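# A look at the structure
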Amino acid sequence: MFCSQCGEEIRPGAKFCAYCGAKAPAPATRVPGSGAAKETLRSVMNTAKETARQTVSNIQSRAAAQPQQPTYSSYQNAAPVPGQTVVVSDQGMAWYKFIIWVQLWASAVVFVGAGITMLTGSHYRGGASIVYNFVPSLHTVDILFGLSLLAFAAYCVYTRFALAKFRRSGPTHYLWVYALSIILPVIYLICVYVILSNLGGSLSSLSFSDLMGNDNTIELVVYLIFDVIMIVVNKIYFDKRRHLFVN
């Protein structure tokens, strides 16, 4: 800043010229030019862009941190959380869908029919009254076994819904369906064998095959072997898909 009278430089903040004593001119107010306005606008825009970029980055980070809803084809890259409904694709789950929509329902119907057969003595091919007259204890065993088969049918339905809802216990219940398919007939066979072994007189020569028929006996043995194989196969199958059953 310079004196308007003598032209000498006036120190910043001085009110009078040190040379002529004239009053120092008032400091000029700086008005921002167009360049300063553009710079200010640019700064504001950059700040807004940085804020938006940071917001998007935070949203993406949170989304990546949360587990995605898995499909069977991508299950190795995503883990479902408890309570989450799992969406699976058709690939690799055809057997699972056959189990919940066909097999377990059909098994329930079959075991209901088998239970009624045991309760009515139809498996003796019309000779139930004769068998029960000579061996009354068989009637009691047949009734208990028939009721067990009806309860087993209900267990098949329960297992079906446990699998359909991806319950953690679903695969275990399904394996127990096969295990009980073995255990219940074996228990029945043991009971019948004990009863027949304790018979006296001419009835001691009766065998299970005499009561059930040779064809049914062979069919039962094949059925039990098949169940053992299916337990092993399904254990491997569901172990590979256990990550899906988390509810």
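Here is a short report on the structure shown in this document. This one's a predicted model, so the numbers in the text were calculated from it and none came from an experiment.

This next bit is on helix α4 (residues 136–164). Because each turn of an α-helix spans 3.6 residues, side chains separated by three or four positions end up pointing in the same direction. In this model α4 runs 43 Å from its N-terminal to its C-terminal C-alpha over 29 residues, within 8% of the 42 Å that 1.5 Å per residue would give. Phe166, located one to two residues past α4, shows a positive phi value of around 55°.

To continue, consider the nonpolar core. Core analysis: the biggest nonpolar cluster contains 37 residues, and Tyr96, Leu138, Leu163 and Phe238 have the highest contact counts within it. Elements that contribute at least two residues to this core include exactly α2 (94–120), α3 (128–134), α4, α5 (170–197) and α7 (214–239). It is α4 that contributes the most residues to this core, 9 residues altogether.

Turning to α5, a few remarks are in order. The first and last C-alpha atoms of α5 sit 40 Å apart over 28 residues, in line with the 40 Å expected at 1.5 Å per residue. The principal kink in α5, of about 30°, is found at Ala179.

Turning next to the environment of Cys156. On the secondary structure map, Cys156 appears in helix α4. For the pair Cys156 and Gln103, spaced 53 residues apart in sequence, the C-alpha separation works out to 9.3 Å. Apart from residues no more than four positions distant in its own chain, Cys156 is found in contact with Leu104, Ser107, Ala108, Phe111 and Val177.

Rules used in this analysis
- Residues numbered from 1 in each chain as written.
- Predicted model: local features only at pLDDT ≥ 70, side-chain atom pairs only at ≥ 80, totals over all residues.
- Heavy atoms only, no water.
- Helix = DSSP H or I, 4+ residues; strand = E, 2+ residues; numbered from the N terminus.
- Expected span 1.5 Å × (residues − 1).
- Core = buried A, V, L, I, M, F, W, Y, C linked by side-chain atoms within 4.5 Å.
- Buried < 20%, exposed > 50% of the residue type's maximum accessible area, 1.4 Å probe, protein only.
- Bend = angle between axes of the 7 residues up to and from the residue.
- Contact = heavy atoms within 4.5 Å.

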